[in-house]
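Topology and contacts: notes
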Amino acid sequence: CIFFFSSRRRHTRSSLVSWARRCVQETGINAEYMGNQIFSQQAMNCPKCKAPYGRESKIPLLLIKCGHSVCQSCALTLFTAQSICCPECGTMTFADSTSKLPKNMALLSVTQTQSSKASSGGTNKEKHQKEEKHIEPQCETHKKKLEAFCEDDRCLLCINCILIDGHKSHDITPIFQASSKEKNKLLSDFEVSQKLEEKLKLLLTDIANYRVQLTKKANASREKVTGIYREFTYLLQE
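From a predicted model like this one, the values you see are computed outputs, not experimental measurements.

1. With respect to the overall build of the protein chain
Counting its regular elements, the protein chain contains six helices and seven strands. Relative to its 238 residues, the protein chain shows a buried fraction of 21%. For the protein chain, contacts bridging at least 24 residues in sequence account for 39% of all contacts bridging at least 6. Carbon together with sulfur atoms contributes 55% to the accessible area of the protein chain, which is approximately 18200 Å² in total.

Following this line, the structure appears as structure tokens:
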């Protein structure tokens, strides 16, 4: 990686070496700690926005003064007066622009590895599910492929069931023919049930209409009887 500094902060090779040693001494970072940090789940997320790093978006940029990283978007937000304040430790890193900050290739490498493993795991899972779907049903007794359907006992049969278990003299049909027959029967029953449902709806509608008519007739009869009663009462009073 090539580090860029402002014209006022150019360093010689020896000063760069001294600067790097001082950074290590001040932060107390050793190789084991750095390894744990890089490969920890927390280090795989931007400390500012908490979003995971990636190659297409949220690219990790290395803050060379402290060794921490931030994503490209957050770096633009944090960049002021040719410097960035690390959101994790508060150390200031100076640069002409965010484009001068190097990408953290270690984090990008780990991100790519994790993505590959996740993709591989998903592919294997899908393959396993497809294999499970293609498993043909077997006879629970003989552990053989189901071949036929017994019309007498209404059960599925394997070749051993037919030859050994006494189904040989029964009405037996191939399983695909039995399946087609049962399917047609179900469709026929479904159509019959739909027709019955329509008839029932019409019958309920007729009952509701007849109830309304009876209510109207009852009200009319009540009014008629009430009128006759009033006339009869009036005649008795006279």
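Read on for the rest.
2. A few points about a nonpolar patch on the surface
Taken together, the side chains of Leu 200, Leu 203, Leu 204 and Ile 207 make up a nonpolar region of the molecular surface, amounting to roughly 390 Å² of accessible area. Position of Leu 203 relative to the elements: it lies in helix H6 (residues 175–237).

3. A short note on the side chain of Thr 173
Tracing the chain through its elements places Thr 173 in strand S7 (residues 172–174). Assessed through its relative accessible area of 18%, Thr 173 is described here as buried.

4. Brief notes about the nonpolar core
Residues Cys 46, Leu 63, Val 70, Ile 84 and Leu 101 are the most contacted members of the largest nonpolar core, which totals 17 residues. Put simply, the parts of the chain that give this core at least two residues each are strand S2 (69–71), helix H3 (72–78) and helix H4 (105–133). The contact partners of Val 70, leaving out residues within four places of it in the chain, are Cys 46, Pro 47, Tyr 53, Ile 59, Pro 60, Leu 61, Leu 63, Ala 75, Leu 78 and Pro 87. One finds Cys 139, Cys 150, Leu 157 and Ile 162 within the second-largest nonpolar core, a separate group that totals eight residues.

5. What about the pattern of salt bridges?
A complete count under the given rule lists four salt bridges for this structure. For the salt bridge of Glu 182 with Arg 154, the shortest nitrogen-to-oxygen distance reads 2.9 Å. In this pair, Glu 182 sits in helix H6 while Arg 154 sits in the loop between strand S5 (146–150) and strand S6 (155–158), placing the two residues 28 residues apart along the sequence. One network of salt bridges, in which partners are shared, links Glu 151, Arg 154, Lys 181 and Glu 182.

6. As for the confidence of the model for the protein chain
The predicted model of the protein chain averages 77 in pLDDT, with 73% of residues at 70 or higher. This stretch, residues 1–13, has a pLDDT under 50; its non-local contacts, to residues over four places away or in other chains, come to 15 contacts. Counting contacts from residues 26–39, a segment whose pLDDT is below 50, to residues more than four positions away or on other chains yields 11 contacts.

7. Comments concerning the pairing of S6
In this structure, S5 lies alongside S6, joined through four bridges in antiparallel fashion. By the bridge assignment for S6, Cys 150 is matched with Cys 155. Between S5 and S6, which pair antiparallel one after the other, the connecting turn spans four residues, and Arg 154 there sits at a positive phi close to 55°.

8. Observations regarding the sheet that holds S7
Taken in spatial order, the three strands line up as S6-S5-S7 in an open sheet, and their pairing is antiparallel. Pairing within the sheet leaves two strands with one partner each, and these edge strands are S6 and S7. Strand after strand, the sheet turns through a mean of 40° between neighbouring axes, direction not considered. Across the sheet, H6 is in contact with S5, S6 and S7; its angle to S7 comes to roughly 95°.

9. Some details on the environment of Cys 158
By the element assignment, Cys 158 lies in strand S6. Owing to a relative accessible area of 0%, Cys 158 belongs among the buried residues under this scheme. When the C-alpha atoms of Cys 158 and Ala 148 are compared, they prove to be 6.5 Å apart, with 10 residues separating the residues in sequence. In this structure, Cys 158 is in contact with Cys 139, His 142, Lys 144, Lys 145, Leu 146 and Glu 147, ignoring residues within four places of it in sequence.

Procedures and definitions
- Residues numbered from 1 in each chain as written.
- Predicted model: local features only at pLDDT ≥ 70, side-chain atom pairs only at ≥ 80, totals over all residues.
- Heavy atoms only, no water.
- Helix = DSSP H or I, 4+ residues; strand = E, 2+ residues; numbered from the N terminus.
- Buried < 20%, exposed > 50% of the residue type's maximum accessible area, 1.4 Å probe, protein only.
- Contact = heavy atoms within 4.5 Å.
- Areas by Shrake-Rupley, 256 points an atom, 1.4 Å probe, with all protein chains shown as cover.
- Patch = residues over 30% accessible without salt bridge, like charges linked within 9 Å, V, L, I, M, F, W, Y side chains within 5 Å.
- Salt bridge = Lys/Arg side-chain N within 4 Å of Asp/Glu carboxyl O.
- Core = buried A, V, L, I, M, F, W, Y, C linked by side-chain atoms within 4.5 Å.
- pLDDT = per-residue confidence, 0-100.
- Pairing = 2+ DSSP bridges.
- Axes fitted to C-alpha atoms, helices over the stretch in contact; angles between N-to-C directions.

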